[in-house]
Amino acid sequence: MPERGVVDCGLYVSGVRDPLPRTFVEALAHARSRPHAFVWVDLQDPGADEILDLAQAFDLHELAVEDVMHGERRPGVEIYEAMVLCSMQIARYVPHGELTEFSDVVETGTVWLFVAQHYVITLRRGGGRVMTLPGVQHRLEGEPAVLTAGPWAVAYALFDWAVESYIDCATEVGRDVEALEESVFDGVGRRSSTQRIYRFKREVVELRRAVVPLQRPVESIVAGHVSMVPPDARNEFRILSDHLSRVVDQVISFDDLVGSMLQAHLAQIDVDQNSDMRKIAAWAAIAAVWGLVAGLYQMSEDIPALHGKNGVVTLTATLVVSLAVSGFLYRSFRRQGWL
């Protein structure tokens, strides 16, 4: 598979792929001259010149082409005269060992679909391995009855592919959420734990940004706002909408849970810091007693009672009083939970 440009251009007649290789123009001309025929063109990270050549060959609307050439956009459906532009994001879970502050958990990529009566064009950007499409293509080519429905059968398969990627990714992310919840309050490496939770929070947000916005375009198709979608395909989208709603709720709950986890962890750090400050203050108060005694004996030359026969008695009494005061302070701080 080439890294850039056209990956495949296929002509499908009555659900069966024509084995002869053809250019864009030839394939489109054959599709328009035959009943139940359409062209499927797939591109991976194309350059501007390739997009413009494709736009000229298929007479794509200039606003739609401009949207694609300007890069990423939110998932949605735009209607341009005899063509519909759909956009979505695909998600993939990135396997990793222990979850750290450097772990990549979610990988996403963007897919655009140009759908019309005689063609469907898929354009993919980013996402690395998440964006491989042959599995969807091979499955569809093994079901000619499905492809007979035309370009919207391909469009539905791609929407379904996106939702399946969300479900698979959310399942694995859910396991990470459970593992993080169990380990986050272990009391070891508080700073590292905070960074780890924040990094994971960003990964969950990336998944949420891919999943949640797709609801609106799917609902618009189900509601019949896109008149080009055949009734049978619309029914399939209705089932897909239910699956998408469930995974949306799941991902939102992950985001809320990890956010609460981060806030609780930061609060626990504040509590621990306050506890440390109380311990420091308590020991400082006890040490102040002995500091007072030391200061007293530093000025012993000016205090006659500390010299002569009474010096030993005075020193002994001072030590006893200091120990008693220290013991009293220690017990008081222990009762108050400072030590």
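Since this is a predicted model, take the numbers as computed values, not measurements.

Student: Can you help me understand the layout of surface pockets in this one?
Tutor: Any empty space left between the atoms is revealed when a probe the size of a water molecule rolls over them. In this model, the largest pocket occupies a volume close to 280 Å³. Contributing to the lining of the largest pocket are 15 residues, with Val146, Ala149, Ala153, Tyr156 and Glu236 lying nearest its centre. Those elements giving two or more residues to the lining of the largest pocket turn out to be α4 (134-141), α5 (144-147), α6 (151-183) and α9 (231-298). The dominant element in the lining of the largest pocket, judged by the number of residues it contributes, is α6, at five residues. When grouped by side-chain class, the residues that make up the lining of the largest pocket number 10 nonpolar, no polar and five charged.

Student: Would you take a moment to explain the nonpolar core for this structure?
Tutor: One broad trend across soluble globular proteins is that nonpolar side chains are buried collectively. Membership of the largest hydrophobic core comes to 60 residues, with the highest contact counts inside it found for Trp152, Phe159, Tyr166, Val173, Phe200, Leu214 and Leu244. In terms of nonpolar packing, the next biggest core, distinct from the first, is built from 27 residues, Leu11, Phe24, Ala31 and Trp112 among them.

Student: Can you walk me through the pattern of salt bridges in this structure?
Tutor: Close approach of charged atoms allows side chains with opposite charge to pair. With the rule as written, the count across this model stands at 10 salt bridges. Close ionic contact of Glu141 with Arg17 constitutes a salt bridge, the shortest N to O distance being 3.2 Å. Remark: Arg17 occurs in strand β2 (residues 16-17) and Glu141 occurs in helix α4; sequence separation between them is 124 residues. Residue Glu141 is classed as partly exposed on the basis of its relative accessible area of 29%. Under the relative-accessibility criterion, Arg17 is labelled partly exposed at 30%. The partner of Arg208 in a salt bridge is Asp255, with the nearest N and O atoms 2.7 Å apart. One end of the pair, Arg208, is in helix α7 (residues 190-211); the other, Asp255, is in helix α9, with 47 residues separating them in the sequence. Here Asp255 falls in the buried class, since its relative accessible area comes to 7%. Beyond isolated ion pairs, a larger network of salt bridges with shared partners links Asp8, Arg17 and Glu141.

About the cut-offs
- Residues numbered from 1 in each chain as written.
- Predicted model: local features only at pLDDT ≥ 70, side-chain atom pairs only at ≥ 80, totals over all residues.
- Heavy atoms only, no water.
- 1 Å grid on protein atoms, 1.4 Å probe; cavity = no way out; pocket = protein on both sides within 12 Å on 5 of 7 lines; lining within 4 Å.
- Points joined across faces, edges and corners; volume = space filled by probe spheres on them.
- Helix = DSSP H or I, 4+ residues; strand = E, 2+ residues; numbered from the N terminus.
- Nonpolar A, V, L, I, M, F, W, Y, C, P; charged D, E, K, R; others polar.
- Core = buried A, V, L, I, M, F, W, Y, C linked by side-chain atoms within 4.5 Å.
- Buried < 20%, exposed > 50% of the residue type's maximum accessible area, 1.4 Å probe, protein only.
- Salt bridge = Lys/Arg side-chain N within 4 Å of Asp/Glu carboxyl O.

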